[in-house]
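# Overview (structure and organization)
Here is how the chains run, residue by residue.
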Amino acid sequence: MAIQVILAAGMLAALFILFLVISRAVGNIDNSLYKLEYMVRKDCDVRLESLELKFKMRAADKKFDELYGPRFSAEDIQNAVDGNE
């Protein structure tokens, strides 16, 4: 009878340690997944912001060209090249 009680207590302690280890491992996995999600969202936000900036710059360039004409013509470029020689 005493052997059965000792064996049952030992198994209970082993199960407790097993569940403690499993819960800690699952907690670490959960934290890693949260970090990964944060990093992916941050990367997507940065890329989206970069894309929005590109579109805004293109729209501003287009609006500027509509209002004031092209910044440089082929003749202006050729004159600049000829002037430097």
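Details of the structure are given in the entry above.
Basis of the calculations
- Residues numbered from 1 in each chain as written.
- Predicted model: local features only at pLDDT ≥ 70, side-chain atom pairs only at ≥ 80, totals over all residues.
- Heavy atoms only, no water.
- Helix = DSSP H or I, 4+ residues; strand = E, 2+ residues; numbered from the N terminus.
- Rg over C-alpha atoms; globule rule 2.2 N^0.38 Å.
- Buried < 20%, exposed > 50% of the residue type's maximum accessible area, 1.4 Å probe, protein only.
- Areas by Shrake-Rupley, 256 points an atom, 1.4 Å probe, with all protein chains shown as cover.
- Salt bridge = Lys/Arg side-chain N within 4 Å of Asp/Glu carboxyl O.
- Patch = residues over 30% accessible without salt bridge, like charges linked within 9 Å, V, L, I, M, F, W, Y side chains within 5 Å.

Quick look at the overall build of the chain now. A count of helical and extended segments in the chain gives 2 helices and 0 strands. By the compact-globule yardstick of 12 Å for 85 residues, the chain is too spread out, its C-alpha radius of gyration being 34 Å. Put simply, the chain has 85 residues, and 1% of those count as buried. Just so you have it, the chain exposes about 8400 Å², and 67% of that area is on carbon and sulfur atoms.

A full pass over the atoms with the stated rule returns 2 salt bridges. Among the ionic pairs, R47 bridges to D43, the shortest N-O distance being 3.3 Å. Pair noted here: R47 and D43 are both in helix α1 (residues 2–68), with a separation of 4 residues, about one helical turn. Given the relative accessible area of 59%, R47 is considered exposed. Taking the relative accessible area as the measure of exposure, D43 reaches 36% and is therefore partly exposed.

Right, let's talk about the environment of R24 for a bit. Relative to the helices and strands, R24 resides in helix α1. Along the primary structure R24 and F55 are separated by 31 residues, whereas in three dimensions their C-alpha atoms are 47 Å apart.

This part is about a nonpolar patch on the surface. Taken together, the side chains of L15, L18, F19, I22 and V26 make up a nonpolar region of the molecular surface, amounting to roughly 470 Å² of accessible area. Among the structural elements, I22 can be located in helix α1. Residue classification places I22 among the partly exposed positions, given a relative accessible area of 40%.

These figures come from the coordinates and say nothing about function on their own.
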